[in-house]
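Structural features, examined
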Amino acid sequence: MRLDSLKTKAEFDFIYKNAKKFFHKYFVLYVLRISHYHSHHPKEKKILHTLQSHQVALHIGFSISRKIGKANKRNLLRRRVKAIMYENRIKYEGLVCVFVAKEGVTCIDFATLKKDLLFALDKTQEIINS
């Protein structure tokens, strides 16, 4: 199974509106389990159908402002987060996540980012499953 990214503004807005949030010093993580979400609104149904129709383990979207750094720093951060998610895709299968970077995130090393991101995913998954 592979990862897929969120692409349209409608998909991002849907996640921002309906997902559980985890606030960290360096990022905000929005997490939604699409199998647990049901809507009667036609636009939301269409977005849910689009996300569910892709045969992927995990959807992830990125919101990384130019304030974070130049393109090479933003791309490095994106690659790191994708690598962490890909490595743990079986554990978090069926989730849709949006990673919103905050200033200072480019200063932390890969091991710290991995530890903090996995902690955030575990916490939000506990909230979703309860």
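Structural data are supplied above this passage.
Note that the structure is predicted; figures quoted are calculated from it, not measured.

Below, the discussion takes up the overall build of the chain. On a plain count of helices and strands, the chain comes out with 4 helices and 5 strands. Secondary structure elements of the chain occur, N-terminal to C-terminal, as β-α-β-β-α-β-α-β-α. Against the globule reference of 14 Å for 130 residues, the chain gives a C-alpha radius of gyration of 14 Å, in line with a compact fold. With the C-alpha coordinates of the chain rotated into their principal frame, the extents come out at 45 × 30 × 25 Å.

Turning next to helix 3 (residues 71-87). Owing to its 3.6 residues per turn, the α-helix brings residues three or four apart onto one side. Across its 17 residues, helix 3 extends 24 Å between first and last C-alpha, which sits within 8% of the 24 Å expected from 1.5 Å per residue. All buried positions along helix 3 are accounted for by Arg 74, Leu 77, Val 81, Ile 84 and Met 85. For helix 3, the angular spread of the buried residues around the axis is 100°, confining them to a single face. In helix 3, the exposed residues that point more than 90 degrees away from the buried face are Asn 72, Arg 79 and Glu 87.

By the criterion of burial, strand 5 (residues 95-101) is predominantly enclosed, with 7 of the 7 residues buried. Every second residue of strand 5 is oriented toward a common face, with Leu 95, Cys 97, Phe 99 and Ala 101 on one face and Val 96, Val 98 and Val 100 on the other, all of them buried. Both strand 3 (residues 27-33) and strand 5 contribute to a ladder of 7 bridges, which runs antiparallel. Residue pairing in the sheet places Phe 27 in a bridge with Ala 101 of strand 5. Sheet topology note: the strand 4 (residues 58-63)/strand 5 ladder contains 5 bridges and is parallel. From the neighbouring strand, Phe 62 faces strand 5, where its bridge partner is Phe 99.

Turning our eyes to something else, we now look at the packing of helix 3 against helix 4 (residues 110-129). Packed helices, taken two at a time, are described by the angle between their axes plus the distance between the axes. Running from amino to carboxyl end, helix 3 crosses helix 4 at an angle of 55°, the nearest separation of the two axes being 10 Å. When the axis of helix 3 is compared with that of helix 4, the two are oblique. The way helix 3 lies across helix 4 gives a crossing that is right-handed. Two secondary-structure elements touch here, helix 3 through Leu 77, Arg 80, Val 81, Ile 84, Met 85 and Glu 87 and helix 4 through Phe 110, Leu 113, Lys 114, Leu 117, Leu 118 and Leu 121. In terms of residue class, the contact of helix 3 with helix 4 is built from 9 nonpolar, no polar and 3 charged.

A few words on the sheet that holds strand 3. An order of 1-4-5-3-2 is seen for the 5 strands of this open sheet, with the pairing classed as mixed. Bordering the open sheet on either side are strand 1 (3-5) and strand 2 (20-23), each of which pairs with just one other strand. Going from strand to strand, the sheet's axes swing by 25° on average, the running direction of each strand aside. Summarising the sheet, strand 2 and strand 3 pair through 4 bridges and their orientation is antiparallel. Residue Phe 22 lies in a different strand from strand 3, and its bridge partner there is Leu 29. Lying on the sheet, helix 4 is in contact with strand 2, strand 3 and strand 5; it crosses strand 3 at an angle near 40°.

Conventions used here
- Residues numbered from 1 in each chain as written.
- Predicted model: local features only at pLDDT ≥ 70, side-chain atom pairs only at ≥ 80, totals over all residues.
- Heavy atoms only, no water.
- Helix = DSSP H or I, 4+ residues; strand = E, 2+ residues; numbered from the N terminus.
- Rg over C-alpha atoms; globule rule 2.2 N^0.38 Å.
- Expected span 1.5 Å × (residues − 1).
- Buried < 20%, exposed > 50% of the residue type's maximum accessible area, 1.4 Å probe, protein only.
- Arc of directions from axis to C-beta.
- Pairing = 2+ DSSP bridges.
- Axes fitted to C-alpha atoms, helices over the stretch in contact; angles between N-to-C directions.
- Parallel < 35°, antiparallel > 145°, perpendicular 65-115°, else oblique.
- Left-handed = near helix turned anticlockwise from the far one by under 90°.
- Contact = heavy atoms within 4.5 Å.
- Nonpolar A, V, L, I, M, F, W, Y, C, P; charged D, E, K, R; others polar.

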